[in-house]
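# Understanding the architecture of this molecule
Spelled out from the first residue to the last, the chains are:
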Amino acid sequence: MIGGRKVAVVLPAYNAAKTLRQTVAEIPRDLVDDVILTDDCSKDETIAVARELGLHVVAHDRNRGYGGNQKSCYAAALARGADIVVMLHPDYQYTPHLVTAMAGMIASGHYDAVMASRILGNGALAGGMPRYKYVFNRLLTAFQNLVMGQKLSEYHTGYRAWNRTVLERLPLLACSDDFVFDNEMVAQAAWFDFRIGEISCPTKYFAEASSINFRRSCIYGLGCVRTAIVYRLAKMKLVRSALFESGDEARLDADDAARTELRPVRV
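Now for a description of the structure that goes with this document. All figures in this text were calculated on a predicted structure; none of them were measured in a lab. (Residues numbered from 1 in each chain as written. Predicted model: local features only at pLDDT ≥ 70, side-chain atom pairs only at ≥ 80, totals over all residues. Heavy atoms only, no water.)

## Considering the side chain of Ser 117
Within the secondary structure, Ser 117 sits in strand β5 (residues 113-117). In terms of polar contacts, Ser 117 uses its side chain to reach the side chain of Ser 153, at 2.6 Å. The residues touching Ser 117, leaving out its near neighbours within four places in the chain, are Ser 153, Glu 154, Glu 198, Ile 199, Ser 200 and Cys 201. (Helix = DSSP H or I, 4+ residues; strand = E, 2+ residues; numbered from the N terminus. Polar contact = N/O pair within 3.5 Å; in protein donor to acceptor, adjacent residues only side chain to side chain. Contact = heavy atoms within 4.5 Å.)

## Remarks on the pairing of strand β2 (residues 34-39)
Judged by how many residues are buried, β2 sits mostly within the fold: 6 of 6 residues are covered. Here β2 shows two buried faces, one formed by Asp 34, Ile 36 and Thr 38 and the other by Val 35, Leu 37 and Asp 39. Bridging between strand β1 (residues 7-13) and β2 involves 6 bridges; their strand directions are parallel. When the bridges of β2 are listed, Pro 12 appears paired with Thr 38. Each parallel crossover has a hand, and for β1 linked through helix α1 (residues 17-25) to β2 it is right-handed. The sheet contact formed by β2 and strand β3 (residues 56-59) spans 4 bridges and is parallel. What sits directly across from Thr 38, in β3, is Val 58. After leaving β2, the chain enters helix α2 (residues 46-52) and then returns to the sheet as β3, a path that is right-handed. (Buried < 20%, exposed > 50% of the residue type's maximum accessible area, 1.4 Å probe, protein only. Pairing = 2+ DSSP bridges. Right-handed = clockwise from strand over helix to strand, strands pointing away.)

## Looking at the packing of aromatic side chains
Evaluated as defined, the whole model comprises 5 aromatic pairs. Where Tyr 66 meets Phe 179, the ring centres are 5.3 Å apart and the plane angle is 25°; that geometry is what we call stacked. With a gap of 113 residues between them, Tyr 66 in helix α3 (residues 65-79) and Phe 179 in the loop between α7 (164-169) and α8 (181-191) connect regions that are remote in the sequence. Overall, the relative accessible area of 27% leaves Phe 179 in the partly exposed class. Put simply, the rings of Trp 191, Tyr 231 and Phe 244 touch in pairs and so form one group of aromatic residues. Over the ring of Trp 191 we find Lys 235; its NZ or CZ atom is 4.6 Å from the centre of that ring. (Phe/Tyr/Trp six-rings, centres within 6.5 Å; stacked < 30°, edge-to-face > 60°. Lys NZ or Arg CZ within 6 Å of the ring centre and 35° of its normal.)

## As for the nonpolar core
In this structure, Val 10, Tyr 74, Trp 162, Leu 167, Leu 172, Met 185 and Phe 244 are the most contacted members of the largest nonpolar core, which totals 42 residues. Elements with a contribution of two residues or more to this core: β1, α3, β4 (84-87), β5, α6 (131-148), α7, α8 and α9 (214-235). The next biggest cluster of nonpolar side chains, apart from the first, holds 34 residues, and it includes Ile 2, Ala 13, Ala 116 and Tyr 159. (Core = buried A, V, L, I, M, F, W, Y, C linked by side-chain atoms within 4.5 Å.)

## Looking at the packing of α6 against α9
At a minimum axis distance of 9 Å, the contact between α6 and α9 shows a crossing angle of 10°. Comparing the axis directions of α6 and α9 gives the class roughly parallel. On α9, the residues that touch Tyr 132, Lys 133, Phe 136, Leu 140, Phe 143, Gln 144, Val 147 and Met 148 of α6 are Phe 214, Ser 217, Cys 218, Tyr 220, Gly 221, Cys 224, Val 225, Ala 228, Ile 229, Tyr 231 and Arg 232. Across the contact of α6 with α9, the residue classes break down as 14 nonpolar, 3 polar and 2 charged. (Axes fitted to C-alpha atoms, helices over the stretch in contact; angles between N-to-C directions. Parallel < 35°, antiparallel > 145°, perpendicular 65-115°, else oblique. Nonpolar A, V, L, I, M, F, W, Y, C, P; charged D, E, K, R; others polar.)

## Things to note about the environment of Gly 4
Here Gly 4 shows up in the segment before β1. Spatially, the C-alpha atom of Gly 4 lies 37 Å from that of Ser 241, the residues being 237 residues apart in sequence.

Next up, the structure:
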């Protein structure tokens, strides 16, 4: 706990058996009360390794995509009573040592969400980020900041921390089940005026780290552009989007895990 608030780390996993032990070993267990792994029908030994490590495991009966996996992660964390939820990729690309700092920024009351930015500082290229992805990231971020009126250093990190209130309020079920989920969630947080902080984060690119190919990167980029444009048009009241509606039907329900098709795996 931190400041009397329960901290959970959620791991959206797909074929993460080779890096899961390294990731979990560096999670600060003196602070973190719960570690939840949601497996999206991995074809390797991810679930077996997670069981060995004593994690709370949730398994999908079918592959639901990266965004669908995160919805399950957050629903499980809410159901298990988390007050602060840190989403960390189990591929060891991001350092788990920053969990303490990220949770602390939220527990301090200054921020509702915290993004671990690879762009702040000089860590991205030094950590092996392909140059085309770096340029892609910077151009997309500049476009989104301009269109959405924000000042983030990047929208595309896979390492985030959230206050429980944010996860309960955002209409996450309206978000995509694909990779653009990350971007849509940040746009939602901005739409509902949650306070978003950033922290510099080193990153590592290596063979076992998950990464999408050039084609999927382009599809993701177009999705980000669309999200930013819809955000601006909705702010101008020219369109309506389920992404930015405040109704209860698209919110995660911690008391009804069946809505996100969760199947607990006993450990």
